[in-house]
Amino acid sequence: MERTPIEQLTAIKSFLKQSNNVEGRSVEQIRQQMNEAVSQLPQLPGRVIEPLKMGHLSGEWVSSKGDISQHSSEAACETESEPKVILYFHGGGFTAGSCYYYRDLASRISQASGVKVLLVEYRLAPEHPYPAANEDCLFAYRWLLENGYSAQQVIIGGDSVGGSLALMTLLSLRDHAETLPAGAFLLSPHSDLVNLDGESYKSRAELDPTGSLKGNQEILTHYLGKYSGTIPMLLSPLRMDLSDLPDLLIQVGDHEVLLSDATRFAERASAAGVNVSLEVWDNMWSVFQFLAYMLPEAQQAIIHIGQFVRKRLN
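Residues numbered from 1 in each chain as written. Predicted model: local features only at pLDDT ≥ 70, side-chain atom pairs only at ≥ 80, totals over all residues. Heavy atoms only, no water.

S.K.: Help me out: how do you make sense of the packing of aromatic side chains in this one?
M.R.: The geometry of an aromatic ring pair comes down to the distance between the two centres and the angle between the two planes. Across all of its chains, the model carries ten aromatic pairs by this definition. Aromatic pair Phe94 and Tyr223: ring centres 3.9 Å apart, planes at 5 degrees, arrangement stacked. Here the residue Phe94 occupies a position in the loop between β3 (85-89) and α3 (99-113), and Tyr223 occupies one in helix α7 (residues 213-224), the gap between them amounting to 129 residues. When sorted by exposure, Phe94 lands in the same class as Tyr223, which is buried. Aromatic side chains Tyr130 and Tyr223 sit 5.6 Å apart centroid to centroid with 90 degrees between the ring planes, which places their arrangement in the edge-to-face category. In this pair, Tyr130 is assigned in the loop between β4 (116-120) and α4 (132-146) and Tyr223 in helix α7, connecting sequence segments 93 residues apart. The exposure classification of Tyr130 matches that of Tyr223, with both residues buried. (Phe/Tyr/Trp six-rings, centres within 6.5 Å; stacked < 30°, edge-to-face > 60°. Helix = DSSP H or I, 4+ residues; strand = E, 2+ residues; numbered from the N terminus. Buried < 20%, exposed > 50% of the residue type's maximum accessible area, 1.4 Å probe, protein only.)

Structural data, given as structure tokens:
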């Protein structure tokens, strides 16, 4: 597999470390900065964006007109009689991120899998603290099932806190005895938003250009807002009963503080009888897949996501 030269990776990480310093900036400034930054990046040609209303929520259907045959030898799995979908929850620390920001990643995942991606504009903190985002993600999944999609034709995906929301959605559905989707893929997930006791918070602290213990402590503070009750166990999926979850694909970088969140979750889920595929990518950081326009590692990781989706939906 082609790899990015170490010198180039070092330069990219240096840039990311500088650009991710948001000290002293308001939430609105951070959101605006993110949208301005992503507008400067190359986008996948041939993508199709269709706005969508789901009750109180907005979203976007994202698909690609590109030739997906180069990404997999398997046949495309989308058919008119069996509509298939990837329901994707974006990252952004519960306070930022948007459909607009994630269009390119979603279109590349759609191209690799041959399946439309539904991006959800879930409500953000601090305007809408816990449990708003959790409720919106559950609502979006239930909306799909009420609008012609079978649970076995749905894959859930998410990155960073979107990975947390994916896990929390699965656990909530299971605990309410609702039908689970066919599988889920998680990119650099926070599997424990509360305890933050993974070994990689120390061992990867100097290597991670975008994440830190302090930053992740603030994520929980922002999401909980003025919530004064006992912190819900749901915010620590790692410490919950993980049995009866669908097949999972987890991708994580070897240079990120969330490495232990991914490896420990994979270990615990496997011990609970869940079919888990864990990929640890050398020299990579949180949600490196976002730079698929330039990183061969990110391109390959997205191909793997496409293969996982096809296998689960066929």
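S.K.: Quick question: what am I supposed to make of unusual backbone geometry here?
M.R.: Excluding glycine, most residues fall at negative phi; most peptide bonds, likewise, are trans. Following Ala125, the chain continues to Pro126 via a peptide bond in cis, the omega torsion being 5 degrees. Of the consecutive residues Tyr130 and Pro131, the connecting peptide bond is found in the cis state with omega at 5 degrees. Tracing the backbone shows Pro131 in the loop between β4 and α4. For Leu196, which is not glycine, the phi torsion reads 50 degrees and is therefore positive. As for its placement among the helices and strands, Leu196 is situated in the loop between β6 (183-187) and α6 (200-203). Leu196 gets classed as buried once you look at its relative accessible area, which sits at 12%. In this model, Asp244 sits at a positive phi of 70 degrees, which is unusual for a non-glycine residue. By secondary structure assignment, the location of Asp244 is in the loop between α7 and β7 (247-253).

S.K.: What am I meant to see in the side chain of Ser98 here?
M.R.: Its place among the elements puts Ser98 in the loop between β3 and α3. Judged by its relative accessible area of 12%, Ser98 falls in the buried class. From its side chain, Ser98 meets the backbone nitrogen of Tyr101 in a polar contact 3.1 Å long. In contact with Ser98, other than residues within four places in its own chain, are Asn35, His90 and Glu121. (Polar contact = N/O pair within 3.5 Å; in protein donor to acceptor, adjacent residues only side chain to side chain. Contact = heavy atoms within 4.5 Å.)

S.K.: Please explain the pattern of salt bridges as it appears in this structure.
M.R.: In a structure, side chains of opposite charge can pair up when their charged atoms sit close to one another. A full pass over the atoms with the stated rule returns 16 salt bridges. With a shortest N-O distance of 3.8 Å, Arg264 and Asp261 are connected by a salt bridge. Separated by three residues within a single helix, Arg264 and Asp261 lie in helix α8 (residues 259-271), roughly one turn from each other. One salt-bridge network, in which partners are shared between bridges, spans Asp192, Asp197, Arg239, Asp261 and Arg264. (Salt bridge = Lys/Arg side-chain N within 4 Å of Asp/Glu carboxyl O.)

S.K.: I keep staring at the layout of surface pockets and nothing clicks. Help me out?
M.R.: Any space left empty among the atoms is revealed by the rolling of a water-sized probe across them. By volume, the second largest pocket is sized at about 180 Å³. Taken together, Asp247, Leu248, Leu249, Asn275, Val276, Ser277, Glu279, His304, Gln307, Phe308, Lys311 and Arg312 make up the lining of the second largest pocket. Listed by contribution, the elements that provide at least two residues to the lining of the second largest pocket are β7, β8 (276-281) and α9 (296-313). Broken down by element, the residue count for the lining of the second largest pocket peaks at five residues, all from α9. For the lining of the second largest pocket, a count of residues per class yields four nonpolar, four polar and four charged. (1 Å grid on protein atoms, 1.4 Å probe; cavity = no way out; pocket = protein on both sides within 12 Å on 5 of 7 lines; lining within 4 Å. Points joined across faces, edges and corners; volume = space filled by probe spheres on them. Nonpolar A, V, L, I, M, F, W, Y, C, P; charged D, E, K, R; others polar.)

S.K.: Mind showing me how you'd approach the nonpolar core here?
M.R.: Ranked by internal contacts, the top residues of the largest apolar core, which has 57 residues, are Leu87, Phe94, Leu144 and Phe265. Take this core: its biggest share by element is eight residues, from helix α5 (residues 161-175). Dropping the residues within four chain positions of it, Leu87 is found in contact with Leu118, Val120, Cys137, Ala140, Tyr141, Leu144, Val154, Ile155, Ile156 and Gly157. Counting 40 residues, the second-largest nonpolar core is a separate cluster that includes Met34, Ala96, Ala112 and Leu119. (Core = buried A, V, L, I, M, F, W, Y, C linked by side-chain atoms within 4.5 Å.)

S.K.: Would you explain the environment of Leu57 in this entry?
M.R.: Looking at the secondary structure, you find Leu57 in strand β2 (residues 57-64). Separated by 82 residues in the primary sequence, Leu57 and Phe139 have C-alpha atoms spaced 8.7 Å apart.

S.K.: Would you mind showing me how to read the pairing of β2 here?
M.R.: The two faces of a sheet get side chains in turn, since along a regular strand they alternate between them. Most of β2 sits out of view: seven of its eight residues are buried. Between strand β1 (residues 47-54) and β2, which pair antiparallel one after the other, the connecting turn spans two residues, and Gly55 there sits at a positive phi close to 60 degrees. (Pairing = 2+ DSSP bridges.)

S.K.: What is the right way to read empty space enclosed by the protein from this model?
M.R.: Under the definition given, this model contains one cavity of 30 Å³ or more. One number sums up the size of the largest cavity: a volume of about 30 Å³. In terms of lining residues, the largest cavity is bounded by Val38, Leu41, Pro42, Gln43, Asp104, Leu105, Phe290 and Tyr293. Residues of the lining of the largest cavity, tallied by class, amount to six nonpolar, one polar and one charged.

S.K.: It is not clear to me how the pairing of β1 should be interpreted in this structure. Could you clarify?
M.R.: One ladder, built from eight bridges, connects β1 with β2; its direction is antiparallel. Each residue of the ladder has a partner; that of Val48, found in β2, is Ser63.

By themselves, these figures tell us nothing about what the structure is for.
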